[in-house]
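# Understanding the architecture of this molecule
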Amino acid sequence: MHKIRKIPTILPFGVLFLGIIANLVDEEGTQAVILNMNNWVIDEFGWLLSISSVLFVLTCVVAYFSAIGHVRIGGEGAKPLLSKFNWFSITLCTTVAVGLLFWSTAEPIYHLYGPPESLGIEANSDAARRFSFSTLYLHWSFTPYAIYCIPALTFALAFYNLKKEKSIGGFLSPLFGRFTQGIWGQLIDAIALFALITGMASGLGQGLLTLAGGLNKFVGIGNSPVVLAAIAALIVATVVVSAVSGLLKGIRILSDLNLKFFIGLLVFVLVFGPTGYSASAGVDGFGDYTSNFFNKSFFTGELGHDDWPKWWTNFYWAQWLTWAPVTALFLGHISRGYTVREFILTVMVFPSLFSILWMTLFGGMSMYFDEVSGGAVKQTLDENGVESIIYYIFEQLPLSGIITFVFIIISFVSFVTAADSSTEAIASVCIEVGKDEKEYENMESTSKTSFWLKVMIVSSIGFVSWSMTSFAGINGVKILANLGMLPSLLIVLGAMFTLWSLMAKYTRESRPATRNLMLVPDNTDGQAVNLPAYESLGDGITQPIMAYDR
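Residues numbered from 1 in each chain as written. Predicted model: local features only at pLDDT ≥ 70, side-chain atom pairs only at ≥ 80, totals over all residues. Heavy atoms only, no water.

### Focus on the overall build of the protein chain
Each helix and strand in the protein chain was counted, giving 22 helices and 4 strands. Across the 550 residues of the protein chain, 59% fall into the buried class. The contacts in the protein chain between residues at least 6 apart in sequence include a share of 84% that link residues at least 24 apart. Surface accessibility of the protein chain: about 21,200 Å² in total, with carbon and sulfur atoms responsible for 64%. (Helix = DSSP H or I, 4+ residues; strand = E, 2+ residues; numbered from the N terminus. Buried < 20%, exposed > 50% of the residue type's maximum accessible area, 1.4 Å probe, protein only. Contact = heavy atoms within 4.5 Å. Areas by Shrake-Rupley, 256 points an atom, 1.4 Å probe, with all protein chains shown as cover.)

Next up, the structure:
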């Protein structure tokens, strides 16, 4: 029987529910306090977000081409848990895929009509269209996936190769040692869980409104609290069913189905949409993105007194960062049996290329229909909100009713997949693992033993999303989610420095005499294991050498 870790379990949910109660009692006052705190974090640490975003991408590139790129996660004889297709589909559908569905058509319109004032770009001009495309690629391709890739790869090596515990403190321990263990480790986990839980509640709340809006087009049910409750209950019930089937069944089936829906919708838009316009404009925008990557990444707006980066680029980095530390446990967990290079390709490169293709077709389609209609898409955005644009776009295509229905199904499956994988990661952090269970080789049993904990987690998040969306407004929990950005950023930076230390160590140790040695864990009493692959770092601390995949 697994024992619950009290601090990571009670503290995040306790703080969240206190915040919800305060918001229900005094919505205006609570949101004002949270907004001021949020603005302070963005104002004081926006520069660190900009620098870190570039460092994360560069670190992934260096890791791919370094000696550690040949290391096999889990050791040279490790067998993959998933096929490469399953691995890719799960990675894509549990990270930013939900955002692709809605922001791909809405965000380019925002940028087209509201580019940064300090850059001197005229709204609704050719320069604004180029800026819109290049900004889409910045916000939805290599940088966000690098934010996920860094902690996930660090965790995979720490967990499978160094045999550290399955926690956020565990994957930081190769560099920070005892400072990430015990009570401090549990506090680190609790902070990261709070950031993820609020992020999930925010995302699910937006999803409830979007799904209700789509269903309203078919049956006119509106978006009353009863309707939102029914949708939330259906999502929770589907996640529970997936939890019963086990990780390698439930999430795999949902992700495979979701990816096939994504590909089918892409093909439909490729055939019936304005592909020529989208491709030409996309190439133009991608050229601007690649040639100005550093300028766009380092743009803070401070010298021009421009708040645009704070409301867009920094907002996105904050959102990805709140999800990254805990999601890393899940992404790293399913990567056993593959090399570091394969990991970077599957978790960062391939999803980024898919995202670029998606944004090119859907973003181009949105701007095309806005241009030929004299601004009708912008008018729809102003009058009906972000979630209405995609449905308006589908009305311009053949078989609009069928496509809209398919899109609603995709949206539902996407939310369930993201919630399922995140719930799995949260549950794994809340469980105290015995020494005899440390390897977690059987993921099916891990999923089943934490079943009731997962039910509690997803039910709580579903309730918070419904109550905030129905009675208090979703803006409060969205702002609350951003408060987790700073500690999450420090955690991901810590993961990056840990990965750099592992790369440096392995570069030193990748001699022919050691390349075939397995990476060996500490024994149960904390003493060094007397094997050739083990070395002492002094002060009683030992460090194993990683296996090399030839």
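### What to know about the nonpolar core
In this structure, Phe56, Ile235, Phe362 and Ile426 are the most contacted members of the largest nonpolar core, which totals 164 residues. Sequence-distant contacts of Ile426, defined by excluding residues within four places in its chain, comprise Leu193, Leu196, Ile197, Met200, Val326, Ile457 and Ile461. (Core = buried A, V, L, I, M, F, W, Y, C linked by side-chain atoms within 4.5 Å.)

### Focus: the packing of helix α6 (residues 142-161) against helix α14 (residues 313-333)
Where α6 meets α14, the closest approach of the two axes is 7 Å, and the angle between their N-to-C directions is 30°. The handedness of the crossing between α6 and α14 is right-handed. Contacts between α6 and α14 involve Thr143, Pro144, Ile147, Tyr148, Pro151, Ala152, Phe155, Ala156, Phe159 and Tyr160 from the first element and Trp317, Trp320, Leu321, Trp323, Ala324, Thr327, Ala328, Leu329, Leu331, Gly332 and His333 from the second. A class-by-class count of the residues in the contact of α6 with α14 yields 17 nonpolar, 4 polar and no charged. (Axes fitted to C-alpha atoms, helices over the stretch in contact; angles between N-to-C directions. Left-handed = near helix turned anticlockwise from the far one by under 90°. Nonpolar A, V, L, I, M, F, W, Y, C, P; charged D, E, K, R; others polar.)

### A closer look at the state of the cysteines
A disulfide bridge is the covalent bond that connects two cysteines by way of their sulfur atoms. Per the counting criterion, the structure on display carries 0 disulfides. Cysteine Cys149 remains unbridged, with the sulfur of Cys60 as its closest cysteine sulfur at 3.9 Å. By relative accessible area, Cys149 is classed as buried at 0%. (Disulfide = S-S within 2.5 Å.)

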